[in-house]
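# Per-entry structural report
One-letter residues, chain by chain:
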Amino acid sequence: MLGRSRISHRSLLPSPALTLGHSNMSVLATVAAGIDWATVLAYAFTVMAAYVALTVAAVASPIARRILFKSRLYARGIAHMVLSREKKNWPKQRGNGVPVGTNIVTKRIIFIRHGESTWNQVFNRGFGYRFPFRLFEGVLTEVVGLLSRSSFFFDAPLSDLGNLEAKNLRAFLTSKENGPVGKDADALAGVKGTSILVTSNLRRAAQTMAVAFWDRVAVTGEKLYVLSCLQEMARNVDTCALAGPGEPVPLRGLEEQIPDIQNVPAGPIRDLLERRRVTDSGSVVAESGHFNAGNKPLMRNGHASMLEFAHWSAAQDATTIIVGGHSLWFKEFFKCFIPSEQEHVAQRKKIVNCGAVAFDLKCGKDASGNDGFSIDSSTVRVVYGGFGK
């Protein structure tokens, strides 16, 4: 009797992976077959031709330049929402090694979060029955300003509440009874030691710094340094900057937020006001765009941007660096440089609107001889506002 070979029915069936792959390919083939590629190419060439024509017209037409600017801004924002990987491919061991030895430089850093922005006003106040009205107001404002170089959603500026929060911070900084105390107070006022004011390249941060430190800038005439490495890490279009490489952040209309502007002491700011002149920022508050590389690239790595700021801070002569920036960026910075064996609320919670938090950043060489940075959690001190719930 001839022996029968056993046949495994399992071997005759395609694997689930092959079945799924074949199914996906079939779907793609079906979709591709249903596309009128001639029409797609026609639309693509039409868009390209319109873009070229608009670029040529922008040479002589201010309106064409504005349309071109907004077209690029919207395209960049949409691309960033889809392609951004800012928080991907971070090293498992964040930051660099902890500095060791005696050749360690310590910088006092004061983080100041911006006030509420127009984007926050629409999307961060909840999604109750008022949300559609806030959204409609935002869209309407965006449409009305379509031919301007401003925007309601992109690089969102301070809202009315945000401007009020910045004014309240200004009142705190200038208060003799309830204001800052200790060495941070002297640095914030700019009366002792060396300190500089820096901001991200987004409007809400620069506006907050300009309003909050108005009294200091009005006396010293110092500039705000714009650092693009401080640009917020998120997909939302409000994190896309209007200011290009080397440009100051737009501050037009800032003076409207200074109710006692007539009391400006003698100095460069008062001279500009009396001559009805403004700086390149559109305001009497001047900025330096030397460290502004422009809008963040699509493939930006957020971890690298924090290391860039740490290196930049270590290279400055100033002992205190006062930074206007953003909640997520700040929180990630604390998570990056506070050693893993230490815990602090700064690693878990965001700084509140217009909150100010100071800390020591140690800069030096780690045990391997590489640049190292660390924050001792015991040096973190709330100056104003503190952290959210």
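Residues numbered from 1 in each chain as written. Predicted model: local features only at pLDDT ≥ 70, side-chain atom pairs only at ≥ 80, totals over all residues. Heavy atoms only, no water.

### Focus on the packing of aromatic side chains
Under the counting rule described, the total for this entry stands at 24 aromatic pairs. Here the aromatic rings of Phe152 and Phe153 are separated by 5.0 Å at their centres, their planes lie at 80 degrees, and the arrangement is edge-to-face. Taken individually, Phe152 and Phe153 each receive the classification buried, so the pair is uniform in this respect. Here the aromatic rings of Phe309 and Trp329 are separated by 5.8 Å at their centres, their planes lie at 85 degrees, and the arrangement is edge-to-face. Residue Phe309 is found in helix α12 (residues 302-314), and its partner Trp329 is found in helix α13 (residues 327-337); the two are separated by 20 residues along the sequence. (Phe/Tyr/Trp six-rings, centres within 6.5 Å; stacked < 30°, edge-to-face > 60°. Buried < 20%, exposed > 50% of the residue type's maximum accessible area, 1.4 Å probe, protein only. Helix = DSSP H or I, 4+ residues; strand = E, 2+ residues; numbered from the N terminus.)

### Here we look at the pattern of salt bridges
According to the stated counting rule, one finds 14 salt bridges in the structure shown. Across the pair Arg170 and Asp260 runs a salt bridge, and its minimum N-O distance is 3.1 Å. With Arg170 in helix α7 (residues 160-174) and Asp260 in the loop between β3 (224-226) and α11 (268-274), the pair connects residues that are 90 residues apart, well separated along the chain. Residue Arg170 is classed as buried on the basis of its relative accessible area of 10%. Residue Asp260 is classed as partly exposed on the basis of its relative accessible area of 27%. Among the salt bridges present, the one from Asp238 reaches Arg204, with a minimum N-O distance of 3.4 Å. With Asp238 in the loop between β3 and α11 and Arg204 in helix α9 (residues 203-212), this residue pair connects regions lying 34 residues apart in the sequence. Classification of Arg204 as buried rests on a relative accessible area of 2%. The structure contains a network of salt bridges with shared partners spanning Arg108, Asp184, Asp360 and Arg381. (Salt bridge = Lys/Arg side-chain N within 4 Å of Asp/Glu carboxyl O.)

### A short note on the environment of Thr141
For Thr141, the position within the fold is in helix α6 (residues 131-144). Given a relative accessible area of 41%, Thr141 falls into the partly exposed group. With 12 residues separating them in the primary sequence, Thr141 and Phe153 have C-alpha atoms 9.3 Å apart.

### Let's talk about α6
Turn by turn, an α-helix covers 3.6 residues, leaving residues three or four places apart pointing in a common direction. For α6, which comprises 14 residues, the first-to-last C-alpha distance of 20 Å matches the rise-based estimate of 20 Å (1.5 Å per residue) to within 8%. Along α6, the residues classified as buried are Phe131, Arg134, Gly138 and Glu142. Buried residues of α6, viewed axially, fall in a sector of 70 degrees; they line one side. Opposite the buried face of α6, at more than 90 degrees from it, the exposed residues are Phe133, Phe136, Val143 and Val144. At its buried positions, α6 is contacted by α4 (62-83) and α5 (118-123). (Expected span 1.5 Å × (residues − 1). Arc of directions from axis to C-beta. Contact = heavy atoms within 4.5 Å.)

### Side note on unusual backbone geometry
Within the chain, Asn89 stands out as a residue other than glycine whose phi angle is a positive 60 degrees. Within the element layout of this structure, Asn89 appears in the loop between α4 and β1 (100-113). Take Asn89: its relative accessible area is 73%, and that puts it in the exposed class. In this model, Asp155 sits at a positive phi of 50 degrees, which is unusual for a non-glycine residue. Among the structural elements, Asp155 can be located in the loop between α6 and α7.

### Section: the confidence of the model for the chain
For the chain, per-residue confidence averages 88 on the pLDDT scale, and 85% of positions sit at 70 or higher. Below a pLDDT of 50 lies the segment residues 1-20, which in the model reaches 2 contacts outside its immediate sequence neighbourhood of four places, other chains included. (pLDDT = per-residue confidence, 0-100.)

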